[in-house]
Amino acid sequence: MRISLADAKLVRCMGAMVAVLTICIASAQQRGSDGLGDRLYPRLGNGGYDAQHYDIALRFEPQENHIRATTTITAIATEDLSSFNLDLHGLSVASVMVDGGSAAFERVGSELVIRPAQSLTRGATFTTAVDYAGVPQPIVDPGASFHKLGWQTWEDGYFAAVSEPSGAMNWFPSNNHPSDKATYLMRITVPADLVAVANGVLAEVIVNDDSARSFVWRMDQPMASYLTIVAVGDYIEARDDSGPVPIRNYFPAGTDADILSGYDITHEIMTWLIETIGPYPFTEYGVVVVPGYPVALETQTISTFGDVAPDPLVIVHELAHQWFGNSVSPGSWEDIWLNEGFATYFMALYHETHGPQGAEFLFSSIHIDLLPPGDIEVAELFGPGVYFRGALTLHALRTEVGNAVFFDILREYYRRHAYSLVTTADFITTAEDVSGRELDALFDAWLYGEQMPSLP
Ligand code: TRP
Ligand code: ZN
């Protein structure tokens, strides 16, 4: 095609206009998005940066359930940014500093919108320090209806922040989505007669001038925000250093002997899981018992339990999550069966290897159709379809490929994806690679089929 001179000029002129417009629009809109597009939780997390490390220095006044904190986040910009968001629910923000300079900020619902004095360049590492205070407001989350989430008071003067999925944002600002794992340092300062328990290893206990103590906890492996825990109370540490991984449990002073001894079995379960899956992902393990806490949660390196004698199967479930969920983590909430189906199947395997009943025992009470675990809505996040049909998916796979190949699949899936993010497709790929078989039909039927296939 021939272009006349006039046309060519017009084209060039239009080209220039488009370029100018693009620059204007781009510079006006270098805003990090206010969500990561999670199908179930579109507003959780934020776009434009990748959090690397959280340093949370928090002082707690139990009388008023009041916190005052500075959270400093090291992140890498993944876009040019004139502004970006953190997730923070309630509390009042006193100041925000980006790279040491004061930054403008605005609160919009559970979003903290930050506009640094100078725009950030894609690829740059930057720090954001948020100073804030207040009484944390527990969060109602449609995915977890058993209790409110985040920092709150439990019974007998104990406090704990348990968060899956969205609760972490009621006590520290973050990129509150499991696709952005980071390391943590938490320095929790409490009155001298109390103990603060958190994730990782206790690096230091500092006695301050005013006799309050700071408990400094380091979590050096990546962790999702929903797996953070802080528990404060009159805690006693109980250690067992005789097994493959140091175990330290935190029990409320005066806890009944049958609750304490219920955890003796942890060491044996740990040994079995290491043999079955691979090395334990972290340096230490244990539980923190929170009076009145109604369920259990696999908070990283230190699972949270209530103050009742523990069911060994729940110990198995939460410990199995340290591999499946905490080290190998789904990057979106709709893949939660990769956590709960796996942890539940280990309960069945424990039955088989440690008790009189086979793996089927766990499923013998299921006579109804369970919803497909691969295709869920928020209210079904922690429902029986995810837990039991998820576990049955693994049982169906095992029945199909045989024992030896099945356990090779589990080990290989763990080995490939330790400390990182996965999707359901990653598990199917590993299962097909290791078995040398085409398994789409099986996974389609179990994960997505409207009707539950019959039990294998
Ligand atoms: N992941 C937990 C488990 O099965 C269940 C759970 C989800 C939960 N959200 C929670 C427990 C919030 C306590 C609080 O082990
Ligand atoms: Zn679970």
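See the structure above.
Criteria and thresholds
- What you see as residue numbers is a count from 1 along each chain, following the sequence as written.
- Chains carry letters and ligands carry numbers; both start at the beginning, A for chains and 1 for ligands, and go up in the order they are written.
- Local features in this predicted model are restricted to residues whose pLDDT is 70 or higher, and side-chain atom pairs enter the listing and the counts only when it is 80 or higher, whereas totals over whole chains, interfaces and linings include all residues.
- Note that water and hydrogens are dropped before the side-chain values are worked out from all heavy atoms of the structure.
- If even one non-hydrogen atom of a residue comes within 4 Å of a molecule or strand, that residue is called near it.
- Counting of polar contacts relies on pairs of N or O atoms within 3.5 Å, with two restrictions inside protein: one atom must be capable of donating a hydrogen and the other of accepting it, and residues adjacent in sequence are counted only when both atoms are side-chain atoms.
- Only the protein chains shown count as cover for residues, and the accessible areas themselves come from Shrake-Rupley with a 1.4 Å probe.
- Cavity and pocket criteria rest on a 1 Å grid covering protein atoms alone: a 1.4 Å probe that fits but cannot get out defines a cavity, protein on both sides within 12 Å along at least 5 of 7 lines defines an open pocket, and an atom within 4 Å of a point defines a lining residue.
- To qualify as sitting in a cavity or pocket, a molecule needs more than half of its atoms within 2 Å of the grid points.
- Residues are grouped as follows: Ala, Val, Leu, Ile, Met, Phe, Trp, Tyr, Cys and Pro are nonpolar; Asp, Glu, Lys and Arg are charged; every other residue, Gly included, is polar.
- Every case where a carboxyl oxygen of Asp or Glu lies within 4 Å of a side-chain nitrogen of Lys or Arg is listed as a salt bridge.
- Helix and strand assignments come from DSSP, with helices taken as H or I runs of at least 4 residues and strands as E runs of at least 2, each series counted from the N terminus.
- For every residue, the accessible area (1.4 Å probe, protein chains only) is compared with the maximum for its type, and the residue is labelled buried under 20%, exposed over 50%, or partly exposed between those bounds.
- Grid points are joined across faces, edges and corners, and a volume is the space filled by probe spheres set on the points.
- Here a residue-residue contact requires only that any non-hydrogen atoms of the pair lie within 4.5 Å.
- The rule for donors is simple: N, O or S, within 2.8 Å of the metal, or within 3.2 Å if the metal is Na, K or Ca. Water isn't counted, so a site may look like it is missing partners.

Okay, the site of ligand 1 next. Taken together, 15 residues are adjacent to ligand 1, and E164, Y293, E298, E318 and Y387 come closest. Here E164 contributes a side-chain N or O atom positioned 2.7 Å from a nitrogen atom of ligand 1. A distance of 2.5 Å is found between an oxygen atom of ligand 1 and a side-chain nitrogen or oxygen belonging to Y387. Out of a free accessible area of 360 Å², ligand 1 has 96% covered by protein chains. More than half of the atoms of ligand 1 fall within 2 Å of the grid points belonging to the largest pocket. Of the residues that constitute the shell around ligand 1, the class distribution is 8 nonpolar, 3 polar and 4 charged.

Quick look at the pattern of salt bridges now. Per the stated rule, a full pass over the model turns up 16 salt bridges. For E412, the salt bridge goes to R415, with nearest N and O atoms at 3.0 Å. With a gap of 3 residues between them, E412 and R415 both fall in helix α7 (residues 403–417), about one helical turn apart. Look at E412 and you get buried, because its relative accessible area is 18%. Exposure remark for R415: the relative accessible area of 56% places this residue in the exposed category. Taking the shortest distance from any N to any O, the salt bridge between R416 and D433 comes out at 3.1 Å. You can see R416 sitting in helix α7 and its partner D433 sitting in helix α8 (residues 424–435), a full 17 residues away along the chain. Overall, the relative accessible area of 46% leaves D433 in the partly exposed class. Residues joined by salt bridges that share partners form a network here, namely E237, R239, D241, R248 and E284.

What follows deals with empty space enclosed by the protein. With the rule as written, the count across this model stands at 1 cavity of 30 Å³ or more. Quantified by volume, the largest cavity comes out at close to 30 Å³. Looking at the largest cavity, the residues that line it are P178, Y226, G325, S329, P330, W333, I336 and N339. Its residues assigned to classes, the lining of the largest cavity comprises 5 nonpolar, 3 polar and no charged.

Along the chain, the position of T301 falls in the loop between β19 (287–289) and β20 (303–305). Using a relative accessible area of 2% as the deciding quantity, one classes T301 as buried. Those residues within four positions of T301 in sequence are excluded, and the remaining contacts are N199, G200, M219, R248, Y280, F282, E284, Y285, G286 and Q322.

Here we come to the coordination of the zinc ion (ligand 2). The protein atoms that coordinate the zinc ion (ligand 2) are H317 (NE2), H321 (NE2) and E340 (OE), at distances of 1.9 to 2.0 Å. For the zinc ion (ligand 2), the single-chain donor residues occur in sequence as H-x3-H-x18-E. In this pair, H317 and H321 are both assigned in helix α4 (residues 312–323), 4 residues apart and thus about one turn of the helix distant. For H317, a relative accessible area of 6% corresponds to the buried category. What makes H321 buried here is its relative accessible area of 0%.

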